[in-house]
Structure formats: structure tokens, C-alpha cells
Amino acid sequence: MKFKKLFICLFVFSLFLTSCSNKTTNESSSNAEDNREMKKQAIENVDFDEEIKKVEIPKNATDFRFLNYNPDNNKLYFAYTSEGNIFYASKNLKDENIDIIYEITGNEKENMYTIAKDGVIGETLYIVKVNNKNIANNTTYTVGKKDSYEYNFIVVDKNKIVKRYFNEDKAEISGDYQVYNKVPSIAVDGRNLILTCENNVGKDTLKSYILRFNVDDASLRLLKEEELNIKNNKISGNYIMFAGGVGNEIYYQVVNYQNDNKMEKGSADVYKLISEDESKKVLELDKIKTPENVKNRKLLFVSGDDKLLFTSDYVAKSAKYNTGKVFNLENMESTEIPDVTGGDDLTDAYKINNLYLLDNKNNIYVYNDEGKLLFQKSYENKEKIVSKISVTNDCISYLVKENKDSKEAELHILKLKTK
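None of these values were measured; they are calculated from a predicted model. (Residues numbered from 1 in each chain as written. Predicted model: local features only at pLDDT ≥ 70, side-chain atom pairs only at ≥ 80, totals over all residues. Heavy atoms only, no water.)

Engineer: Would you mind going over the pattern of salt bridges with me for this structure?
Structural biologist: Side chains that differ in sign of charge can pair as their charged atoms come close. For the structure shown, the criterion picks out 20 salt bridges. The residue K54 makes a salt bridge to E410 at a minimum N-O spacing of 2.8 Å. Pair noted here: K54 is in strand β3 (residues 46–56) and E410 is in strand β34 (residues 408–418), with a separation of 356 residues, a long-range link. Classification of K54 as partly exposed rests on a relative accessible area of 35%. Using a relative accessible area of 22% as the deciding quantity, one classes E410 as partly exposed. (Salt bridge = Lys/Arg side-chain N within 4 Å of Asp/Glu carboxyl O. Helix = DSSP H or I, 4+ residues; strand = E, 2+ residues; numbered from the N terminus. Buried < 20%, exposed > 50% of the residue type's maximum accessible area, 1.4 Å probe, protein only.)

Engineer: What exactly am I supposed to notice about the sheet that holds strand β17 (residues 205–214) here?
Structural biologist: Hydrogen bonds between backbone atoms are what pair the strands of a sheet, whose relative direction is either parallel or antiparallel. Strands sit in the order β15-β16-β17-β18-β19-β20-β21-β22 across an open sheet of eight strands; the sheet is antiparallel. A strand with exactly one partner marks an edge of an open sheet, and here the two such strands are β15 (185–189) and β22 (279–284). Taking each pair of neighbouring strands and ignoring which way they run, the sheet shows an average axis angle of 25°. (Pairing = 2+ DSSP bridges. Axes fitted to C-alpha atoms, helices over the stretch in contact; angles between N-to-C directions.)

Engineer: Where do I start with empty space enclosed by the protein in this structure?
Structural biologist: The rolling of a water-molecule-sized probe over the atoms marks out the regions of remaining empty space. The calculated volume of the largest cavity comes to roughly 60 Å³. Around the largest cavity sit A187, V188, G244, G245, V246, F301, S303, T347, D348, A349 and Y350, which together line it. Mapped by element, the contributors of at least two residues to the lining of the largest cavity are β15, β23 (298–304) and β27 (348–352). Top contributing element to the lining of the largest cavity by residue count: β27, with three residues. In the lining of the largest cavity, the residues fall into six nonpolar, four polar and one charged. (1 Å grid on protein atoms, 1.4 Å probe; cavity = no way out; pocket = protein on both sides within 12 Å on 5 of 7 lines; lining within 4 Å. Points joined across faces, edges and corners; volume = space filled by probe spheres on them. Nonpolar A, V, L, I, M, F, W, Y, C, P; charged D, E, K, R; others polar.)

Engineer: Would you take a moment to explain the packing of aromatic side chains for this structure?
Structural biologist: Geometrically, a pair of aromatic rings is defined through the distance of the ring centres and the angle of the planes. Throughout the structure, instances matching the rule amount to twelve aromatic pairs. Arranged with centres 4.9 Å apart and planes meeting at 45°, the rings of Y113 and Y149 form a pair that is tilted. Placement of the pair is Y113 in strand β8 (residues 112–121) and Y149 in strand β12 (residues 149–156), with a sequence separation of 36 residues. Plain terms: the ring middles of Y151 and Y180 are 4.1 Å apart, the flat faces sit at 20° to each other, and that makes the pair stacked. Note that Y151 is positioned in strand β12 and Y180 in strand β14 (residues 179–180), a separation of 29 residues in sequence. The exposure classification of Y151 matches that of Y180, with both residues buried. An aromatic cluster is defined as three or more aromatic residues linked by ring pairs; in this entry it consists of F64, F78, Y80 and F87. (Phe/Tyr/Trp six-rings, centres within 6.5 Å; stacked < 30°, edge-to-face > 60°.)

Engineer: Would you take a moment to explain the nonpolar core for this structure?
Structural biologist: Note on soluble globular proteins: their nonpolar side chains tend to be buried together. Counting residues in each nonpolar core, the largest one holds 22 residues, and the members touching the most others are V270, L283 and L309. Put simply, the parts of the chain that give this core at least two residues each are β18 (219–231), β19 (234–244), β20 (251–260), β21 (267–273), β22 and β23. No other element matches the four residues that β19 contributes to this core. In this view, V270 contacts Y251, Y252, Q253, K280, K281, V282, L283, L285, L299, V302 and L309; residues no more than four positions away in its chain are not counted. (Core = buried A, V, L, I, M, F, W, Y, C linked by side-chain atoms within 4.5 Å. Contact = heavy atoms within 4.5 Å.)

Engineer: Would you explain unusual backbone geometry in this entry?
Structural biologist: Glycine aside, a negative phi is what most residues show, and trans is what most peptide bonds show. Unlike most non-glycine residues, N248 shows phi in positive territory, near 65°. Turning to its location among the elements, N248 is positioned in the loop between β19 and β20.

Engineer: In this structure, what is going on with the sheet that holds β27? I would like to understand it.
Structural biologist: Pairing is antiparallel across the open sheet formed by four strands, whose spatial order is β27-β28-β29-β30. Lying at the two open borders of the sheet, with one neighbouring strand each, are β27 and β30 (373–378). Each adjacent strand pair in this sheet contributes to an overall mean axis angle of 20°, direction not counted. Bridge count for strand β29 (residues 363–367) against β30 is five bridges, and the pairing is antiparallel. Within β30, the residue paired with I364 across the bridge is K377.

Here it is as C-alpha cells:
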């Protein structure tokens, strides 16, 4: 019974761990044909342009979700529900033509527990669908009784050619990185998805993994695994908790336990993945000084490349200090990221030309390669519904609606250019 309680705590804990802008308006214009307005802003050595387009939302769409905007083909990508099915579609903003890319229906919809992550990279749609049922071998995973899930990866290219890493209706569960005991945390790095997940192996062993899924060939690859032993209410070993990166560099957090009795304990370090056989420790979290005394410090977010490292702390209670940091990896000097606190944690990191872009669902941050904050833009609107941002090449976009039932929205398109 004690082990069962400990395992439940372990699962809940791991799942849970799943504008000071310098603006200068130079130009404003409107075009009646496409009902848009343009703004120009100069930020130190960066040109910042904002374009706003009015877009119509399909009248039959409920649970509408913005996925991305691609300036190259002038298409808005989105997902919505209609008559119980989930549709993925694009809308050409030039001729208003809507094209259905993919539909989740039938057994595929019935088996689904949740969608861990979906989006559009370039012109390619990806869906990471988490199931608690499998038709092929007539197995049902009951959440709460048997905390197991299978991951299904679906990729649809611009020609609507569907690729699957795993076909739930034709193949039996293989067991090789297919069934897990939690919904994965996923970071996007270029055309790759970096997944952090876990699974029980035997009675007393918990393994954690870093997987990389490539959207071009729908391939899944194991990058790193660690092992945790849970026996007699004691926890020993290593546990991978969150991974991410930009520019094909991957950083991940490892929590080490030495006969601890709670998952909240343990000491955490950040590593850089050199190869499948080699990693380099770059940061010991317990040695970082903060305005508040933090024991057993852990991260909710980690990302970076060969120059900068970005982190966001996990805090159980609301912190009174900024919990986000950027580290210059050349000298390991760090600065706080403003307005990143508990509940407003970093969620994504991108690289646009020589600039770094961060997002915490409220603010967009732009850094140079020395770790200097060049610009911060708040896109939160408490009176309206604002989507999460998406990035395509040098284009940042998000959608603003009056309310969840609105059939008209504003598409905000931001472009960053170095002078």
C-alpha cells in the first residue's frame, strides 16, 4: 500500500511537471482590400514590423485552435471540432479557400485519450496523439487503474500524404518506446520534436527517456535513458525531467535521488547531450543563488544552443522573484528574464537569424547571442482570447478573438529583422 501511494505521488508529480518595450511607431497604414494595418518599430539593432489581418472563422467550427501562419503561402493553419470529429485545415487568406488536411474520426478518435501536441512546421502538419485504447490487440488502458498510454505520431505533408510512425489499427504494440505511463512533455526544435517521457519496467524500476521525432520521415529515435529504483519507500537513481534545445542542440535536466522518500527531493543538474553515449554537465541547480531560499531546486523549462542557455524554475508556490534565467555559456554569467514567474513560465525557445525568441504565453522576448535582452513585447489581453504564438522562419504570429464563440479574429504577424 505504501508503494502504491508513492507511485501515485510519483505519477501526479511528473505529470504536473508535464511591456518593458522600447517602441517607436514610425508608420501606420491600412488597406481596404485585405483590411490590415502595418506598424514599424525600431529596437536597438532590430527592425520590428507588425501586421494585423482580419480573418473569418468557419461557422461550423467549435473548439477552434490556431496552429500557425505561413507567410510564404499566405495560409492560416488551424484545428477545430465539428460533429464530434477533429479537423485540421488551412485557409488561404488571399482567396478565403479552406482546405481540410486531416480528420480524426472513427476508431482513431475513439481510442484517443488526448493530443499531447500538434502544429504545423513549414507546410507539414504533425500530431502526437496519446491513446488509452488499442484496437489492433483489443487492449484497453484504463486511466487510474492502469496508467499506460501509447503514443501515435501522424505527419501530413503539403500534398496530404500521411505518414505514421505507428498504426494503431494494423500493428500490435511493439513495446519499443511505444507504451508509457504518462503524457509526454514536448519541445519543438526545428523540424524535430523532443519528447520527455517515462515508463515502469518491472515492479521497482522506473525508466525515463528522451526521444526525438523527425517530422520529415516520421521517425522516432531514443537519445537518452535513465533508471530510477523505487523500493521500500526509498528512491535511488536518476530521473530525466524536461529536455529542449534550439539549433539541434539538446539540454536536459537530471534529478539524482539517493535513498530519498519523496520525488520532490533530489538534486537536479542540467546536461548538454553530446551524443547518445556522452553528456556534459553544464549547470548545478543547487548552486544558483536566488532572492528566496530554494531547496531541491528543479526546472520546468530548459533550452539553448552552443552560446546561450534558458531556464525557468519549477516553484510549488508563487515566487516573489523572476524565476527565468538566461546563461551566457562562455562565462556562465546569468541575468533574470523579466516577468517569468510561477504560472508564467517559459514555454518555447526559437532562433531567428542571429536572434533568440522566448515565449511564456504572455510575453515575447528577443535576445542577442550575448544574452542581452533587446526587446520584450506583451501580447496578453485579459479581455480577449489570445492564442499561443507560432513561428515560421522570421515570422511570429498569434490570433486574437473577442470570445470563444467569435467567428471573426485578428491575425497578428510580427517580423524580426536585424539591421
